[in-house]
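The chain contents come next:
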Amino acid sequence: MSRIDDLPPLREVLAAHELNARKALGQNFLLDLNLTQKIARTAGALEGAHVVEVGPGPGGLTRAILSLGVRKLTVIERDSRCLPALHEIAAHYPDRLEIIEGDALTVDYAALAGGQPIRVIANLPYNVGTQLLVNWLLPDDWPPYWQSLTLMFQKEVAQRIVAEPGSAHYGRLGVLAGWRTEARIAFDVPPQAFTPPPKVTSSVVHLAPRTQPIAVTASALEKITQAAFGQRRKMLRQSLKGLGGEALLEKAGIDPTRRAETLSVAEFCALATAL
């Protein structure tokens, strides 16, 4: 494995700090620095950028991002056991690594950005990844405070993010991501790349914000997609009964006998507007 910096190999870092991945925190550590650099490069040219990373763990992806010339990297880590390893990286890259100990779900990312666009790059903890993505997709102001999201998920979740209408994976996540972003799966990562290896393949997803998504309120679209996909096997006149049912569908110009997975993002937006 080629070296990207003069810091010790990650396996030595894990041993020195007695770090083991905790299932309760959704942790799976990436130790191959060539792979972490490939993930970082998926975000595009990073020189001079401000990047935010969630769940850096012992810092494999952190080191890859810093090696590509970012102006500033802010990492958010909940596990205090990982902080000494991260501080060693900070000492190697003076004034470029900011370490925040805390819960990524409670961080004010817009405030962190400080009016300048940030890029988010993360091997997300499995147990909070989807909720974090939804939070990033639904800020009130658009274009958002982030310039791009380059995120690793379980492959099944990644397929839901990029899913098209009519496909088996299409659901609420695909509608929300399709509404406000252009999303693509960059590449898959096999289980054996992680320590410990998870039971599933992972995928790196890159999302770029649409400059002018259809103008609807996020809360209305959330309500519509939750109701429609909450009973996805039922006709829309039934699944949307609590939100107006046939009257709502007529207002949006949609056949009440259709099912949720057949609707395009634009049709979901029409329903949100009617609501």
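This text goes with the structure placed above it.
Computed from a prediction, not measured in an experiment: that's the story for all the values here.

**Thoughts on the packing of helix α9 (residues 218-230) against helix α12 (residues 265-274)**
For the pair α9 and α12, interaxial distance at closest approach is 8 Å and the crossing angle is 115°. Comparing their axes, α12 and α9 come out roughly perpendicular. For the element pair α9 and α12, the recorded crossing hand is right-handed. From α9, A220, L221, I224, T225, A228 and F229 reach across to α12, where they touch F268, C269, L271 and A272. Class assignment of the residues belonging to the contact of α9 with α12 gives a composition of nine nonpolar, one polar and no charged.

**Some thoughts on the sheet that holds strand β5 (residues 118-123)**
Taken in spatial order, the seven strands line up as β4-β3-β2-β5-β6-β9-β7 in an open sheet, and their pairing is mixed. At either end of the open sheet lies a strand with only one pairing partner, and these are β4 (97-101) and β7 (181-189). Strand-to-strand twist of the sheet, defined as the mean angle between neighbouring strand axes without regard to direction, takes the value 20°. The sheet contact formed by strand β6 (residues 146-154) and strand β9 (residues 202-209) spans six bridges and is antiparallel. Looking at the pairing, T150 lines up with H206 of β9. Helix α6 (residues 129-137) rests against β2 (50-54), β5, β6, β7 and β9 of the sheet, and its axis sits at about 160° to β6. Against the sheet, helix α7 (residues 155-162) engages β6, β7 and β9, with an angle of about 140° to β6.

**Overview of the pattern of salt bridges**
Any two side chains of opposite charge can pair, given that their charged atoms come close. Under the definition given, this model contains seven salt bridges. Note that R81 is salt-bridged to D79, the shortest N-O span being 2.7 Å. By relative accessible area, which is 18% here, R81 ends up buried. Across the pair R258 and E267 runs a salt bridge, and its minimum N-O distance is 2.8 Å. Residue E267 is classed as partly exposed on the basis of its relative accessible area of 24%.

Conventions and cut-offs
Residues numbered from 1 in each chain as written. Predicted model: local features only at pLDDT ≥ 70, side-chain atom pairs only at ≥ 80, totals over all residues. Heavy atoms only, no water. Axes fitted to C-alpha atoms, helices over the stretch in contact; angles between N-to-C directions. Helix = DSSP H or I, 4+ residues; strand = E, 2+ residues; numbered from the N terminus. Parallel < 35°, antiparallel > 145°, perpendicular 65-115°, else oblique. Left-handed = near helix turned anticlockwise from the far one by under 90°. Contact = heavy atoms within 4.5 Å. Nonpolar A, V, L, I, M, F, W, Y, C, P; charged D, E, K, R; others polar. Pairing = 2+ DSSP bridges. Salt bridge = Lys/Arg side-chain N within 4 Å of Asp/Glu carboxyl O. Buried < 20%, exposed > 50% of the residue type's maximum accessible area, 1.4 Å probe, protein only.

Shape is all these values report; function is a separate question.
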